[in-house]
Number of protein chains: 2
Amino acid sequence: MNIPTTDKPRIVVIGGGFAGISFIRNLKKVNAQVVLFDRHNYHTFQPLLYQVSTAGLEPDSIAYPLRKIFRKHKDFHFRLAEVEAIDPEKKQLTTSIGPLSFDYLVIATGTRTNFFGNESIKTHSMPMKTVPQALNIRSLMLQNIEKADITDDPEERRSLLNFVIAGAGPTGVELAGALAEFRKSILKNDYPLIETNDMQVHLVEGSSRVLSPMSEHASKKAQKFLEGMGVIVHLNTMVKSYDGNTVVTADGKLFKTATFIWAAGVTGAPVQGIDGNALVARQNRYKVDSFNQIEGFQNIFALGDVALMKTHAFPNGHPQVAQPAIQQGRRLALNIIRELAGKEMKPFKYTDKGTMATIGRNRAVADIKNMRFAGTFAWFLWMVVHLFFLIGFRNRVVTFFNWTYNYINYDKAARLIIRPFKKA
Amino acid sequence: MNIPTTDKPRIVVIGGGFAGISFIRNLKKVNAQVVLFDRHNYHTFQPLLYQVSTAGLEPDSIAYPLRKIFRKHKDFHFRLAEVEAIDPEKKQLTTSIGPLSFDYLVIATGTRTNFFGNESIKTHSMPMKTVPQALNIRSLMLQNIEKADITDDPEERRSLLNFVIAGAGPTGVELAGALAEFRKSILKNDYPLIETNDMQVHLVEGSSRVLSPMSEHASKKAQKFLEGMGVIVHLNTMVKSYDGNTVVTADGKLFKTATFIWAAGVTGAPVQGIDGNALVARQNRYKVDSFNQIEGFQNIFALGDVALMKTHAFPNGHPQVAQPAIQQGRRLALNIIRELAGKEMKPFKYTDKGTMATIGRNRAVADIKNMRFAGTFAWFLWMVVHLFFLIGFRNRVVTFFNWTYNYINYDKAARLIIRPFKKA
């Protein structure tokens, strides 16, 4: 695969998400060769994916070319490829573009959508973990609204304008809020033949509250915001199946819908070759110690969502969000630099910076330390934090401008239906 | 298709390009129902498509939702559908979503790529007429460079880094210039293992000069600019075939390339049902009189690229660019308003505002009236004019910012490889 041979240690990183990026950034001055594998040539700012799905932002504002991030690093190599298997004994990887040996391996593969083995849902629902998936949701949503405008059949129209989201975590909540805003601003202005109330947004959640990882206060406020915007929230409701036409819940509710978005669960995305004891089956996460070292291995580490570090504060591992990934990446980079210098590694300590979710215009919730915010201030905070963590000056400016523009104009302008390419 | 019945005359427009948009915009106050059909839900600003292909702009900046443009029009209806046939006797259309009758019909379907019946080129080359096609060129280009970085085979690498463009009209010239800039800025910085000179850009043109519709002065300057940027220009060279690996020219030249872009010709895109005498076979354009009325029809008009209006100054019809389309659209709208008011129509008069093409950073050519510009001033003018004609304040600001950013940073930031959606 054309990686230069070297006398320096080779550090291989799998995955260019928050963890992988943070790790490599902090390795800038290391005397080692660094190789990054990813299936995409860009880093995805996942917290804003839902705005791509709902036409608020163009995909290019929340994605950033991986090569560009590390342009100034020496002996850094990006490879657009899939890592298929790890041979820990031989310290070697099998990839879609050939084998590669490593001295240190860092697995930062994150999570993938968990359909819990439900084939009907896997086949017919829309997941939202990647830019192409978000674009596909955008196209489907817009196409279905166009179709609804055309049909004379009231039942078909209802199904086309019925949006059902499974899972009221941050993704589901933010998506539901954005769809409600789309209805209020775009549907009303640009589809004169459709009554605003013809479009329904249902948010279906298995547990007893929305945003269950957050405080009770945040859950209550978020639900109030959602309902105020017209989202219909169904708590304690499990989805049983979806055949492409009807969502069936465990308690027998039926939702006729042409758009069913699955945001109800993720599972770790481990790589073949390191399993057995090192992998926690239920969550598909690697058991790691406080140095992010995978149990039983000296030179193999896992970071972020795919790592499960049990601590006193987090007996089931850290929450699978950006902050632990970023902080672990940084700690591990500093530790590897220490090790290469013959020093001892330092254990990871998590600094909880709080969690937040936005529901819509002037409506967000935030839990920060012992403080609970809800409303305009939380919304403002949410924007500042997300702009700050977006990678790249250009992305920040374009996103900031789009948000300001959309805010003033009650608009969502990135409304292209882009379907798989057909020739001529 | 759920269009309200009406006592007012129904004006149906096929195509939301420059001509269709300009026509409907100028109809704002007409006492008629207006229905617009397009296969996309957005208007494409075609003059900047090449910047999407080469990662300089995101697609959302050069596309604009058609519904949004006419949001304030009364009794305006957009339909995302294909018009399949026209029955001029019955004044009725057949479309992919059902039949519709019309009182006035305006055909503004523009052009499509002309492969001149060459199946090998049609099958393997990349055309660039639509946003999805431009995105596909972007993905292919970036993928091929990634592959070139991976391969150890020098011949394969050369083929992957060899870019061949057929046709040195504005599209081909601008594309070649942008690729040369990509090489100079991105390849050099982000692909340390690839030598800049390993990438080649070939521009193949059948006639004896580039930009043949422009002045001799512009042609010469443009060629000089291109060559100064390292583009290899092949004049008087016809492409004979491309099998996916090798471009063969009529005079026996061979180019091994994985990326062959076809910008060598367009042909009108007429709709079935109006043909015979009204259609000029060689160009597939409708013969229209000075009112854009199609020969032999009272209430059917053609506008822009698909219309062929012979005048003293343009015995072979107006150039197939934005200006005649925009101006004809406006004239026809005013004429239909006149006719509905019982007044006589006025003949179309073309105001030639000049033509321009940009080759790269500080390099453009412009022919305006009897003046010939080349260099920084023409480049500046080109930017101002294109920003001015872009639809929408948001698109103008984002494009302006991207241009400024790219200019200062020698960057092209919209580098996502987005391939047809795959599930989970």
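Residues numbered from 1 in each chain as written. Chains lettered and ligands numbered in written order. Predicted model: local features only at pLDDT ≥ 70, side-chain atom pairs only at ≥ 80, totals over all residues. Heavy atoms only, no water.

Chemist: Describe the packing of aromatic side chains, listing the residues and the values that go with them.
Modeler: Counting across every chain of the model gives 28 aromatic pairs over all chains. Considering the side-chain rings of A:Trp379 and A:Tyr407, the 5.3 Å spacing of their centres and the 35° angle between planes classify their relative orientation as tilted. Here the residue A:Trp379 occupies a position in helix H10 (residues 376-389), and A:Tyr407 occupies one in helix H11 (residues 393-409), the gap between them amounting to 28 residues. Under the relative-accessibility criterion, A:Tyr407 is labelled partly exposed at 30%. Ring centres of B:Phe348 and B:Tyr350 lie 6.4 Å apart, and the angle between their planes is 35°; this geometry places the pair in the tilted category. Here B:Phe348 matches B:Tyr350 in class, with each residue buried. Pairwise contacts between aromatic rings join A:Phe115, A:Tyr242, A:Phe260 and A:Trp262 into one cluster. The residue whose ring lies beneath A:Arg361 is A:Tyr410, and the NZ or CZ to ring-centre distance is 3.6 Å. (Phe/Tyr/Trp six-rings, centres within 6.5 Å; stacked < 30°, edge-to-face > 60°. Helix = DSSP H or I, 4+ residues; strand = E, 2+ residues; numbered from the N terminus. Buried < 20%, exposed > 50% of the residue type's maximum accessible area, 1.4 Å probe, protein only. Lys NZ or Arg CZ within 6 Å of the ring centre and 35° of its normal.)

Chemist: Summarise helix H5 (residues 131-150) of chain B; cite the residues concerned and give the values.
Modeler: For H5(B), which comprises 20 residues, the first-to-last C-alpha distance of 29 Å matches the rise-based estimate of 28 Å (1.5 Å per residue) to within 8%. Among the 20 residues that make up H5(B), 18 are buried, leaving the element largely enclosed by the rest of the structure. (Expected span 1.5 Å × (residues − 1).)

Chemist: For the UniProt feature "transmembrane region" (unreviewed entry) in chain A, give the residues involved together with the corresponding values.
Modeler: Within this numbering scheme, the UniProt entry marks residues 373-393 of chain A as carrying the feature "transmembrane region" (unreviewed entry). For residues 373-393 of chain A, the end-to-end C-alpha separation is 28 Å, with 71% helix and 10% strand making up the annotated structure. (UniProt positions renumbered as here; feature names shortened; annotations may be inferred.)

Chemist: I'd like to hear about the interface of chain A and chain B, residue by residue, with values.
Modeler: Interface size is often expressed as the accessible area that is lost when the parts come together. Each side of the interface is counted separately: chain A has 61 residues, and chain B has 61 residues. The interface formed by chain A and chain B contains 14 salt bridges. In this structure, B:Asp149 and A:Arg67 form a salt bridge, with 2.8 Å as the shortest nitrogen-oxygen distance. Across the contact surface, chain A and chain B share 28 residue pairs in polar contact (both at pLDDT 80 or more). Those elements that provide at least two residues to the side of chain A that touches chain B are strand S4 (63-65), helix H3 (66-69), strand S5 (76-80), helix H4 (119-124), helix H5 (131-150), helix H7 (170-190) and H11 of chain A. Top element by residues in the side of chain A that touches chain B is H5(A). It accounts for 10 residues. Its residues placed into classes, the side of chain A that touches chain B shows 32 nonpolar, 11 polar and 18 charged. (Contact = heavy atoms within 4.5 Å. Salt bridge = Lys/Arg side-chain N within 4 Å of Asp/Glu carboxyl O. Polar contact = N/O pair within 3.5 Å; in protein donor to acceptor, adjacent residues only side chain to side chain. Nonpolar A, V, L, I, M, F, W, Y, C, P; charged D, E, K, R; others polar.)

Chemist: I'd like a rundown of the relation of the copies chain A and chain B, residues and numbers included.
Modeler: You can overlay chain A on chain B at an RMSD of 0.0 Å; the transform is a turn of 180° with a shift of 0.0 Å along its axis. What we have between these two chains is a two-fold relation. When you check the interface residues of chain A against chain B, 100% turn up at the interface there too, and the contact is symmetric in its surfaces. (Least-squares fit on C-alpha atoms with pLDDT ≥ 70 in both.)

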